[in-house]
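As a plain string of letters, each chain reads:
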Amino acid sequence: MTHRLALDIEVPAHLAGHRLDQAAAELIPDYSRARLQSWIKGGQLTVDGRSARPRDKLFGGEQLRLSAELEARGEWLAQPIDLNIAYEDDSLLVIDKPPGLVVHPAAGNPDGTLLNGLLHHCPQLETVPRAGIVHRLDKDTSGLMVVAKTLPAQTALVAQLKARTVSRQYDAIAQGLVTGGGTVDAPIGRHRQNRLKMAVLELGGKEAITHYRVQERFRAHTLLRCKLETGRTHQIRVHMAHIRHPLVGDPLYGGRVKLPPEASPELVEALQQFPRQALHAAELALRHPKTGGELHWRAPMPADMLRLLELLRADSEDGGQMPDDR
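The notes below deal with the structure included here. Bear in mind the structure is a predicted one, so any value in this text is a computation, not a measurement.

**Describing unusual backbone geometry**
Phi is positive for D48, close to 50 degrees, though the residue is something other than glycine. The topology assignment puts D48 in the loop between strand 2 (45–47) and strand 3 (63–70). Owing to a relative accessible area of 39%, D48 belongs among the partly exposed residues under this scheme. With phi around 60 degrees, H234 is a residue other than glycine that occupies positive phi space. One can find H234 in the loop between strand 12 (221–228) and helix 5 (235–242). On the basis of relative accessible area, H234 is assigned to the buried category, the value being 14%.

This is how it looks when you write it as structure tokens:
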């Protein structure tokens, strides 16, 4: 499946002296600099009908012509998968992902992923890198994800993520009593010994910042609202474990299950058998890539986390709820 692009643009005088790739990035902002450079090198983006090099200087007044095909970006299978769509238009899809759904095919999960379902729902995503997925959620994290339906939308969303203007807020049930809100500013990289895990690294890690506040306290657990400033792999899970408040049910970073003294059998079972990390992408806000308007979505907490909160509340002495930290 392919889609053809055709554009004719005259180079304005103020871009005289600029490199071709620099001018193209300003004149055709819907596509990344790397993609424009590949089109220049491949002869799909020409100057006055002739091929050129990305570094060639312009004088102003030249005619740029873009004639390119957007080809399928992978060999993934389109599969009918139920998608809980929170929002959709010509540029965007916002998905409320259930726990247990893998986002992208990989070794061990070659199909049956969110990406396969996206290709079935919207075949045009075959021409967009990674089927429009610009950020991911772990398999067992639930909640909101945005997907770009076009290359221009993807370029705009990636730019917003880099500029940290996309707001992503998560509900998390952590072990232990968190005394107040705060920020974890600790770089994250691949664990030195266990390559399946990430870790806080003093050397070699990438910048990672998580803000958190207390929503509700129980006898031995805390419901947190976490806001990502960066988006590293497993970031909230690693950061909460780093401050000694790992998430309930986390198979990689959770450690020993913490039980309130004399907890009911129902609560003990729920905590010991909770099937995943108790983490939910509850709110997402961004600027629409075409209109620039502010958009905001909320996703209700899934049933497994709601049930655990009910049991924690019932267990708490005299209600156990303390005022929120703001």
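**Concerning the pattern of salt bridges**
In the structure shown here, the tally under the stated rule is 15 salt bridges. Taking the shortest distance from any N to any O, the salt bridge between R225 and E283 comes out at 3.0 Å. Placement of R225 in strand 12 and of E283 in strand 13 (residues 279–287) is noted, with a sequence separation of 58 residues between them. Since its relative accessible area comes to 9%, R225 is described here as buried. The closest approach of N and O atoms between R307 and E310, which form a salt bridge, is 3.5 Å. In this pair, R307 and E310 both sit in helix 7 (residues 303–315), 3 residues apart, roughly one turn of the helix. Salt bridges here are not isolated pairs; linked through shared partners, they connect D171, R225, E283 and R298.

**Structural notes on the packing of helix 1 (residues 20–27) against helix 2 (residues 33–41)**
The contact between helix 1 and helix 2 brings their axes to 9 Å, and the two run at 125 degrees. Taken as axis vectors, helix 1 and helix 2 run oblique relative to one another. As for the relative orientation of helix 1 and helix 2, their crossing is right-handed in sense. Between helix 1 and helix 2, the contacting residues are L20, D21, Q22, A24 and A25 on the first element and R33, L36, Q37 and I40 on the second. Across the contact of helix 1 with helix 2, the residue classes tally to 5 nonpolar, 2 polar and 2 charged.

**A short note on helix 7**
The first and last C-alpha atoms of helix 7 sit 18 Å apart over 13 residues, in line with the 18 Å expected at 1.5 Å per residue. Within helix 7, the full set of buried residues consists of M305, L308, L309, L311, L312 and D315. Along the axis of helix 7, the buried residues cluster in a sector spanning 165 degrees; they form a single face. Residues of helix 7 that are exposed and point more than 90 degrees away from the buried face comprise A303 and A314. Close packing links the buried residues of helix 7 with strand 7 (167–175), strand 12, helix 6 (265–273) and strand 13.

**Observations regarding the side chain of H280**
When you line up the elements, H280 lands in strand 13. Among the polar contacts made by the side chain of H280, one reaches the side chain of S142 at a distance of 2.8 Å. Polar side-chain contacts of H280 include one of 3.0 Å to the backbone oxygen of A299. Setting aside anything within four residues of it in sequence, one finds H280 in contact with D96, S142, G143, Q169, Y170, D171, A299, P300, M301, P302 and M305.

Each value, and the rule that gives it
- Residues numbered from 1 in each chain as written.
- Predicted model: local features only at pLDDT ≥ 70, side-chain atom pairs only at ≥ 80, totals over all residues.
- Heavy atoms only, no water.
- Helix = DSSP H or I, 4+ residues; strand = E, 2+ residues; numbered from the N terminus.
- Buried < 20%, exposed > 50% of the residue type's maximum accessible area, 1.4 Å probe, protein only.
- Salt bridge = Lys/Arg side-chain N within 4 Å of Asp/Glu carboxyl O.
- Axes fitted to C-alpha atoms, helices over the stretch in contact; angles between N-to-C directions.
- Parallel < 35°, antiparallel > 145°, perpendicular 65-115°, else oblique.
- Left-handed = near helix turned anticlockwise from the far one by under 90°.
- Contact = heavy atoms within 4.5 Å.
- Nonpolar A, V, L, I, M, F, W, Y, C, P; charged D, E, K, R; others polar.
- Expected span 1.5 Å × (residues − 1).
- Arc of directions from axis to C-beta.
- Polar contact = N/O pair within 3.5 Å; in protein donor to acceptor, adjacent residues only side chain to side chain.

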